[in-house]
Amino acid sequence: MDATTTSPAAPTGLEATGLAQRLTTQLERTMAAPGAAGRIWIGSLLAVIAAALLAYVYQLARGLEATGMREYVSWGVYITNFVFFIGISHAGTLISAILRVTNAEWRRSVTRVAEAITVFALMVGAPMVLIDLGRIDRLLNIVVHGRLNSPLLWDVCSVCTYLVGSITFLYVALIPDFALLRAKTTNGQTLGWRWRLYNALSLGYRDTPEQKRYLERAMHAMSVIIIPVAVSVHTVVSWIFGMTLRPGWHSTIFGPYFVVGAIYSGTAALIVAMVVFRKVYHLENLITMRQFRALGALLMALTVVYLYFTLSEYLTVWYGGEAVDRRLLDVLMGPGSYGILWWLTVVGCFFVPALLLVIPVIFPHRVSLSRLVVACILINIGMWLKRYLIVVPTLLTPFIPAEAAGVKLVYEPTWVEWTITAGAFAVFLLLFTLFAKVFPIVSIWETVEGVEQVGAERIGVQVEADPPPPRPAPGGIIPGVATVGGIVLLLSLSVGPSRVMALEATAPAPPAQISVTSGREEGKQVILATVTRAGKPLEGARVVLQVNRTFGNLTLGEDDTLADGTMALAFPADLPGGPEGKLRVIAQIKSPAEYAAVSAQATLDGALKVPPEADPFAPALWAPTAPLGLVITICSLLAIVWTVYAFVIAQLVRIKNSS
Amino acid sequence: MQIPRRSFLRKSLQALGLAATGTSTTKGASAVANPDVCGATPALTPDGRLIQVQGSTATPMLPGLPPGDPKVRSGIAGRKWVMVVDLSRCDGCRKCTESCQQMHQTPVEREWIRVFTMQDAKETAPYFFPKACFHCDNPPCTKVCPVGATFKRQDGIVLIDNERCIGCRFCIAACPYSSRYFNWGRPETPAKLTPAYSPETGFPRRVGTVEKCDFCPEMLSAGKLPHCASACAKGVIYFGDQLEDAVTNGRGETEQLSKMLRERAGYRFMEDLGTEPRAYYLPPRGRMYPAPKATAQH
């Protein structure tokens, strides 16, 4: 596609329809330069971001001392933000993909916002872990010295895969819209960077049947593969906690629990975003009660599922009543400050929204957007607090209570942490604001396609179609039910892993001498010490036998010498003597006092042989390299996903080549 | 400037460490007279004066192997270091902690070996419980390290390479025994005291990295007991090589490990976690000192 071929000979496919033209014009208005209010909004976001950057620079200069994190409570607000934003990211891609796969017609004006949330939430969430790092300067160690044994590496792999996937997903669905915008900006006067951008990104898409086929293939492949990828991401995030042995974290349902929580908070965030865009950009005709009713019902169902998981998790722990779990629950739900926070969260952020959400389910015509938004905001505050309550109280509850050493544990986040957190939210909002200024936040072509195929009413938009849709509507599934069914199905899938060597006496030439050897008495091996004085055996001398060990001498026993000047003790055949079974035996005179400290050493055979360890670094989870099974599993999963990505890219190349 | 006596002494001891690491490549410290001899030991202060330090408090700081040495990660073949703590002898005096802190130059609140006051149940007797890193044979901390900064050696020691650690603190979260500490701020290292870094001593410490009890590998290589063991006059802490079946305490008492554990019902703390600690405890039966007052129940 060359920049000089500005206008196609004749508008084809999408561009030909008046509806597409009208929608493009409507959405172009949303993309106009921001007005005064818009500039103030962007300016304030930039101010918050600048403050956060300063806070981060301060943290880099002082070290993590600048945060409230200390001994025991070594993770805090940053990790909470990480889990929260990764959770929000599920709004998008997962919901959009599930809606596409289940062919929920009302999705058409929802998917774009949903997919954008995913990309921006990931762009904000992933760096939160980096901000939490003590040594950001050594980040490359993850590549150079990365260990696949660590769930953190699984996280790196899955988050990167998810980010690439969700950007691709967002992009593929934007291509026909880029084509429309390109045509539109060609007709109008807004030539310039916008035209160049849309032209380049549209890959020369002209909605020819061939291109349409490639696009549909790419969309379908992406929708299917992104679902397991999204599920894996939040599962792996939960495993950062789940793989430890800590109370409140070491839970088998943590994977699905986090995934449900993620879809829950993500859906709530999606609704808020849609309400805001609808209001700010006057998209009432495209984002209608149809979408809000469906998403509200979905959110209600998710509330129930999330409460079910929460009950399931904590009831089991409480009922079993292990000592350390009881201590945790005392911190988490007891009368302390965390307990207050917990009950406020559960009641205020889950039960109250449930009541607000259940009203339109019972009375289908009583849909109130303000009620819905209040419920969604409460849910999102609740989900942030819930993640905070997952991270901090467990760290406050070590197996050995810190109080037993007189250490009082507290965690109070500092202004640095709060400023950076505010900055994260500001970046998220700014990305969204800028996105809406450059890209259409409702999918034009999908809306047009829906109106043509099944009519405006069924897809839940208020536009007039140009030609009446000739094609019959596909079988009517109640979309909300199908979607919830799809999610439950996906979740259920995801739960589914002597030489004798007498030495000279060391004493300064006393008349007594001692020697030690190995001998046999009554068929048993003995250690034989002989004490002589002036060449004659000394009777009645007290002799101690010891074996030399690294840090001291192990006493075997003592006895008096007989008339022949000897004493004997059974050889300690059960004592290990290195690979050759040798013991360095020391015989020392204890009395009479004038000979005390006269000693002799000998290295004697016959002790237990300690064979050298066959493989001191046998495969283990703690070993430097990962067990083969784990490597194969991770690599094959990644290979499958990236192969599908490659397939999608190939479709895009074909679209470009066929233009 | 008035230097408080205590910190002055500490600085002098640091100077001793410098003398040992900087001037002597052989084991031990040629610059220091035998510290075991009672009386005074000459020591060099950071400002270059020669002072005398009471012999009993002066122990040379030995150098550890440099980070690049393969032996740092492989450890000593044919050794399996093991610690035995005799709870019946502990009176909670915290000499182990103090000695460890002094030798490792740790900040006051950081206790690589920490003495807890434990009580298993309301009706059972409280007891002092000195706890260092257990150097588990199935170490949960080492499993989760994303970059292999913490590693287990064949002599059983779990060490940290502070020049590789990225400071994610996953290991801290994963350790069920809260044995790991983090350098939140920039650690103070006197300007003149900059011996080459060694993972075997973890010194000089690095900001934004994790540290913990290291079983004093530099002492073990020199055939000496770790500082906590040698500092305990009560003989609570025994240390030795499991492959020699013998452990020795600070009083020079050497016992047969297997016999000791068998006859005195030795156990490992929270055996059911499956971490296989390299530290054993002897129950406080027939204790030699009065029981502590109860604090928290474990």
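Just above sits the structure.
Residues numbered from 1 in each chain as written. Chains lettered and ligands numbered in written order. Predicted model: local features only at pLDDT ≥ 70, side-chain atom pairs only at ≥ 80, totals over all residues.

1. Some thoughts on the overall build of chain B
Test applied: Note on conventions: DSSP H or I runs of at least 4 residues are helices, E runs of at least 2 residues are strands, and numbering of each starts at the N terminus. Here exposure depends only on C-beta density: within 10 Å of a residue's C-beta, 20 or more other C-beta atoms make it buried, 12 or fewer make it exposed, and intermediate numbers make it partly exposed, the C-beta atoms being placed from the backbone. By the convention adopted here, residues are in contact when the distance between their C-beta atoms, placed from the backbone, does not exceed 7 Å.
A count of helices and strands for chain B gives 8 helices and 13 strands. Out of the 298 residues in chain B, the part that is buried amounts to 54%. Residue pairs in contact within chain B that sit at least 24 positions apart in sequence constitute 61% of those at least 6 positions apart.

2. Comments concerning the interface of chain B and chain A
Interfaces are frequently sized by the accessible area removed from exposure as the parts join. Keep this limit in mind: Residues are grouped as follows: Ala, Val, Leu, Ile, Met, Phe, Trp, Tyr, Cys and Pro are nonpolar; Asp, Glu, Lys and Arg are charged; every other residue, Gly included, is polar.
Taken together, the contacts link 61 residues of chain B with 51 residues of chain A. Of all elements in the fold, only β4 (114-118), α4 (140-144), β6 (150-152), α5 (170-174), β8 (181-182), β10 (237-241), β11 (246-249) and β12 (254-256) of chain B reach the threshold of two or more residues within the side of chain B that touches chain A. Classifying every residue of the side of chain B that touches chain A gives 31 nonpolar, 19 polar and 11 charged.

3. Description of the sheet that holds strand β3 (residues 81-86) of chain B
Residues and elements named next belong to chain B. Put simply, the rule reads: Any two strands with at least two DSSP-identified bridges between them are counted as paired. Axis angles are defined between N-to-C directions and span 0 to 180 degrees, where every axis is a line fitted to C-alpha atoms and, for a helix, only to the segment in contact.
In space, the 5 strands of this open sheet follow the order β12-β11-β10-β3-β13, with mixed pairing throughout. Where the open sheet ends on each side, the last strands, each with one partner, are β12 and β13 (279-282). Averaged over all pairs of adjacent strands, the angle between strand axes in this sheet comes to 25°, irrespective of strand direction. Note: β3 against β13, 4 bridges, orientation parallel. Note on β13: the bridge partner recorded for M83 is A279.

4. Brief notes about the packing of helix α4 (residues 77-101) of chain A against helix α14 (residues 369-395) of chain A
Residues and elements named next belong to chain A. Definition in use: Should an angle fall under 35 degrees it is taken as roughly parallel, and over 145 as roughly antiparallel, whereas 65 to 115 is taken as roughly perpendicular and any remaining angle as oblique. Crossing chirality is assigned from the near helix's rotation relative to the far helix, an anticlockwise turn below a right angle marking it left-handed and a clockwise turn marking it right-handed.
Relative to each other, α4 and α14 sit at 135°, their axes nearing to 9 Å. By the angle between their axes, α4 is oblique relative to α14. Where α4 crosses over α14, the handedness of that crossing is right-handed. Residues I79, T80, V83, F84 and G87 of α4 form the contact with α14, whose own contacting residues are M383, W384, R387, Y388 and V391. Across the contact of α4 with α14, the residue classes tally to 7 nonpolar, 2 polar and 1 charged.

5. Section: unusual backbone geometry
Of the consecutive residues S591 of chain A and P592 of chain A, the connecting peptide bond is found in the cis state with omega at 0°. With respect to the helices and strands, P592 of chain A occurs in the loop between β7 (583-591) and β8 (599-604). In this structure, P204 of chain B follows F203 of chain B across a cis peptide bond, with omega equal to -5°. Relative to the helices and strands, P204 of chain B resides in the loop between β8 and β9 (210-211). One non-glycine residue, A534 of chain A, lies in the positive phi region at around 50°. Tracing the sequence through the fold places A534 of chain A in the loop between β2 (524-533) and β3 (536-537). Residue R169 of chain B is not a glycine yet carries a positive backbone phi of 65°. Within the secondary structure, R169 of chain B sits in the loop between β7 (158-160) and α5. Look at R169 of chain B and you get buried, because 22 C-beta atoms sit within 10 Å.

6. Here we look at the pairing of strand β1 (residues 512-521) of chain A
A regular strand carries its side chains on alternate faces of the sheet. Residues and elements named next belong to chain A. When β1 meets β2, the two strands line up antiparallel, connected through 10 bridges. Residue pairing across strands places R520 opposite Q525, the latter belonging to β2. Here β1 folds back onto β2, and the loop between the two strands holds 2 residues, one of which, E522, carries a positive phi near 50°.

7. Overview of the nonpolar core
All names here are of chain A. Counted only if it meets this: Any set of buried Ala, Val, Leu, Ile, Met, Phe, Trp, Tyr and Cys residues joined through C-beta atoms within 7 Å is what this text calls a nonpolar core.
In terms of nonpolar packing, the biggest core is built from 255 residues, with I117 and L270 touching the most fellow members. Counting residues per element, this core draws most heavily on helix α7 (residues 151-187), which supplies 17 residues. Not counting the four nearest positions on each side in its chain, I117 is found in contact with I88, S89, A91, G92, A269, L270 and A273.

8. Quick word on the sheet that holds strand β4 (residues 542-549) of chain A
All names here are of chain A. Pairing in this open sheet of 4 strands is antiparallel, and the strands run β5-β4-β7-β8 from one edge to the other. Edge positions in the sheet fall to β5 (552-560) and β8, since each of these pairs with one other strand and no more. Within this sheet the neighbouring strands show an average axis-to-axis angle of 25°, counted without direction. Pairing analysis gives 6 bridges linking β4 to β7, with the strands arranged antiparallel. Its bridge partner being in β7, V547 is matched across the sheet by V585.

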